[in-house]
Number of protein chains: 2
Amino acid sequence: MKNNAKNNFPQPSVRRLPAYLRMLRKLKGDGQFQISCTRIAKELNLDSTQVRKDLAITGIAGKPRVGYEINPLIASIEVFLGWNHSMGAFLVGAGNLGKALIGYENFTNYGLQIKAAFDVDPDKVGETIFGREVYPLSRMGELARQGGVMLGILTVPAQAAQAASEIMVAAGLRGIWNFSPVKLDLPDSVVVENVELVSSLAVLSLRLLR
Amino acid sequence: MKNNAKNNFPQPSVRRLPAYLRMLRKLKGDGQFQISCTRIAKELNLDSTQVRKDLAITGIAGKPRVGYEINPLIASIEVFLGWNHSMGAFLVGAGNLGKALIGYENFTNYGLQIKAAFDVDPDKVGETIFGREVYPLSRMGELARQGGVMLGILTVPAQAAQAASEIMVAAGLRGIWNFSPVKLDLPDSVVVENVELVSSLAVLSLRLLR
């Protein structure tokens, strides 16, 4: 929670940007050039004031009556999130979830390129998963420097998560996308984003119940 | 967004409940009986006022100076989320992500029991994944009635998501945990909770950038 206060952008707005991007790219593919705020709001089931606020954080404003030009709006979102360049990442933990994420081609549309995987299991080391080689953890630092990789995706079991994350930080990774159900204890300089699947399950359970 | 307004509980609080539960269960396992609000706040890197508010939505209040008794607090969270009973679910789409979720044993700690998988691929039908059989989609309605299953987990590729979700609704499922990057168009009576991995990636990208 506290870390998110480091930038001043409201997190719910940031979290909605990929949905805008997906819709805008589709419209662009359909040959469209402009879209009104009202139409965006309708498509995404949002309030149009909210849409204007969300998109404004990327530094772009719609024009009254006309709305947004699609190409500059796409560019504005991409540049804001750094998705105009691809970002290399290492995946740590080549189990089922790790494999699923490596095979999830959609990530390349959102600036993320998984370059290699790492695992402690000697049987997995040397394997190739969807074209990415699995290396031992001991090679992470060297390969991170070589490839200029800053981001790690953590998909090891809970009991291995803290130790693996420390190896990632020692290897020079600056950001960790944490899929393990563990609150990692790392230096403040490391950016950690937790994917809390069970948080989403809590919301779902409550809504099903009431 | 709009659907979440159906209940009056603040979603950020609901999303934090699993983290409280995880911590409290661990303390219980360690043989502890009580915990102060300050200590909970410290462990989870939250403000203690926030902790009090979050836990109050489950209907429990701490005692001044004493804090919370751990057992009743665990029970309160579990009952609030319906996690005191296990909820059966069907998984639709037995690809890599589907397999990973079936193999993720941690879900049973949060009330979720994946009972069977479904897939369109005749090669997958009849397979067993971590003890769960893969059925053709045509059998979903019959098996849902038999097992009293209300929840579906959607892990098919984007282009198949809308059609698959309609089959799930026709089969009588009332809730869909949607792992596909698609905004499903379904009757309002169906509870849909989207797992937006790319939303989490957006937050991470932005924090790494700035």
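The shown structure was predicted, so the numbers you read here are calculated from the model rather than taken from an experiment.

A. Spatial organisation of the overall build of chain A. Helix and strand content of chain A: eight helices and nine strands. Out of the 210 residues in chain A, the part that is buried amounts to 51%. In chain A, of all internal contacts separated by at least 6 residues, the share reaching a separation of at least 24 is 57%. Here chain A holds 24 positive side-chain charges and 18 negative ones, and the gap between their average locations is 10 Å.

B. Structural detail: the packing of aromatic side chains. Residue and element names in this part refer to chain A. In this structure the tally under the stated criterion is 14 aromatic pairs over all chains. Among the aromatic residues, ring-to-ring pairing joins Y104, F107, W177 and F179 into one connected group. We note R25 situated over the ring of Y110; from NZ or CZ to the ring centre the distance is 5.5 Å.

C. Seen up close, the relation of the copies chain B and chain A. In the superposition of chain B on chain A (RMSD 0.0 Å, axial shift 0.0 Å), the rotation amounts to 180 degrees. The transformation just described matches what one would write down for a two-fold rotation axis. Same-surface contact between copies: 100% of interface residues of chain B are shared with the interface of chain A.

D. Quick look at the confidence of the model for chain A. All names here are of chain A. For chain A, the average pLDDT comes to 92, and 97% of its residues sit at 70 or higher. Within the model, the stretch residues 1–6 combines pLDDT values under 50 with nine contacts to residues more than four positions away or in other chains. Across the predicted assembly, pTM comes out at 0.83 and ipTM at 0.91.

E. Examining the packing of helix 8 (residues 197–209) of chain A against helix 1 (residues 11–29) of chain B more closely. Direction vectors running N to C along helix 8 of chain A and helix 1 of chain B enclose 120 degrees, while the axes themselves pass 8 Å from each other. Judged by the sense of rotation from one axis to the other, the crossing of helix 8 of chain A with helix 1 of chain B is right-handed. Between helix 8 of chain A, through V198(A), S199(A), S200(A), A202(A), V203(A) and L206(A), and helix 1 of chain B, the contact on the second element is made entirely by Q11(B), V14(B), R15(B), P18(B) and R22(B). By residue class, the composition of the contact of helix 8 of chain A with helix 1 of chain B is six nonpolar, three polar and two charged.

F. Summary view of the interface of chain B and chain A. Taken residue by residue, the interface counts 61 residues in chain B and 61 residues in chain A. Summed over both sides, the interface between chain B and chain A buries roughly 5800 Å², with carbon and sulfur atoms accounting for 66% of that surface. The tally of links between chain B and chain A comes to four salt bridges. Between R22(A) and E196(B) there is a salt bridge whose closest N-O contact spans 3.5 Å. In this structure, the connection of chain B to chain A is made through 15 residue pairs in polar contact (both at pLDDT 80 or more). Sorting the residues of the side of chain B that touches chain A by element identifies helix 1, helix 2 (37–44), helix 4 (70–81), helix 5 (96–102), strand 8 (175–178), strand 9 (191–194) and helix 8 (197–209) of chain B as the ones contributing at least two each. The greatest single-element share of the side of chain B that touches chain A, amounting to 13 residues, is contributed by helix 8 of chain B. Classifying every residue of the side of chain B that touches chain A gives 37 nonpolar, 13 polar and 11 charged.

G. Main features of the packing of helix 1 of chain B against helix 4 of chain B. Residues and elements named next belong to chain B. At their nearest, the axes of helix 1 and helix 4 sit 10 Å apart, and the two run at 145 degrees to each other. In this structure, helix 1 meets helix 4 at a crossing whose hand is left-handed. Where helix 1 abuts helix 4, its residues V14, L17, Y20, L21, L24, R25, L27 and K28 lie against I70, N71, L73, I74, I77, E78, F80 and L81. Across the contact of helix 1 with helix 4, the residue classes break down as 12 nonpolar, one polar and three charged.

H. Geometry of helix 8 of chain A. Here helix 8 of chain A spans 18 Å end to end across 13 residues, near enough to the 18 Å set by a 1.5 Å rise per residue. Restricting attention to buried positions, one finds in helix 8 of chain A the residues L197(A), V198(A), S199(A), S200(A), L201(A), A202(A), V203(A), L204(A), S205(A), L206(A), R207(A) and L208(A).

I. How the structure looks around empty space enclosed by the protein. In this structure the tally under the stated criterion is four cavities of 30 Å³ or more. Empty space within the largest cavity amounts to approximately 50 Å³. As for the largest cavity, its lining consists of R22(A), Y104(A), F179(B), S180(B), P181(B), V195(B), E196(B), L197(B) and V198(B). Partitioned by chemical class, the residues of the lining of the largest cavity number six nonpolar, one polar and two charged.

J. Fine view of the sheet that holds strand 3 (residues 87–92) of chain B. Residue and element names in this part refer to chain B. An order of 5-6-4-3-7-8-9 is seen for the seven strands of this open sheet, with the pairing classed as mixed. In this open sheet, the two edge strands, each paired with only one partner strand, are strand 5 (128–129) and strand 9. Across two bridges, strand 4 (residues 112–118) lies against strand 6 (residues 132–135) in parallel orientation. By the bridge assignment, F118 is partnered in strand 6 with Y135. Most of the contacts of helix 6 (residues 140–147) go to strand 3, to which it runs at about 170 degrees, and overall it touches strand 3, strand 4 and strand 6. In the packing of helix 7 (residues 158–170) onto the sheet, contacts are made with strand 3, strand 7 (151–154) and strand 8, and the angle to strand 7 comes to roughly 165 degrees.

About the criteria used
Residues numbered from 1 in each chain as written. Chains lettered and ligands numbered in written order. Predicted model: local features only at pLDDT ≥ 70, side-chain atom pairs only at ≥ 80, totals over all residues. Heavy atoms only, no water. Helix = DSSP H or I, 4+ residues; strand = E, 2+ residues; numbered from the N terminus. Buried < 20%, exposed > 50% of the residue type's maximum accessible area, 1.4 Å probe, protein only. Contact = heavy atoms within 4.5 Å. Lys, Arg positive; Asp, Glu negative; His and termini not counted. Charge placed at Lys NZ, Arg CZ, Asp CG, Glu CD. Phe/Tyr/Trp six-rings, centres within 6.5 Å; stacked < 30°, edge-to-face > 60°. Lys NZ or Arg CZ within 6 Å of the ring centre and 35° of its normal. Least-squares fit on C-alpha atoms with pLDDT ≥ 70 in both. pLDDT = per-residue confidence, 0-100. Axes fitted to C-alpha atoms, helices over the stretch in contact; angles between N-to-C directions. Left-handed = near helix turned anticlockwise from the far one by under 90°. Nonpolar A, V, L, I, M, F, W, Y, C, P; charged D, E, K, R; others polar. Buried area = accessible area lost by both parts, 1.4 Å probe. Salt bridge = Lys/Arg side-chain N within 4 Å of Asp/Glu carboxyl O. Polar contact = N/O pair within 3.5 Å; in protein donor to acceptor, adjacent residues only side chain to side chain. Expected span 1.5 Å × (residues − 1). 1 Å grid on protein atoms, 1.4 Å probe; cavity = no way out; pocket = protein on both sides within 12 Å on 5 of 7 lines; lining within 4 Å. Points joined across faces, edges and corners; volume = space filled by probe spheres on them. Pairing = 2+ DSSP bridges.

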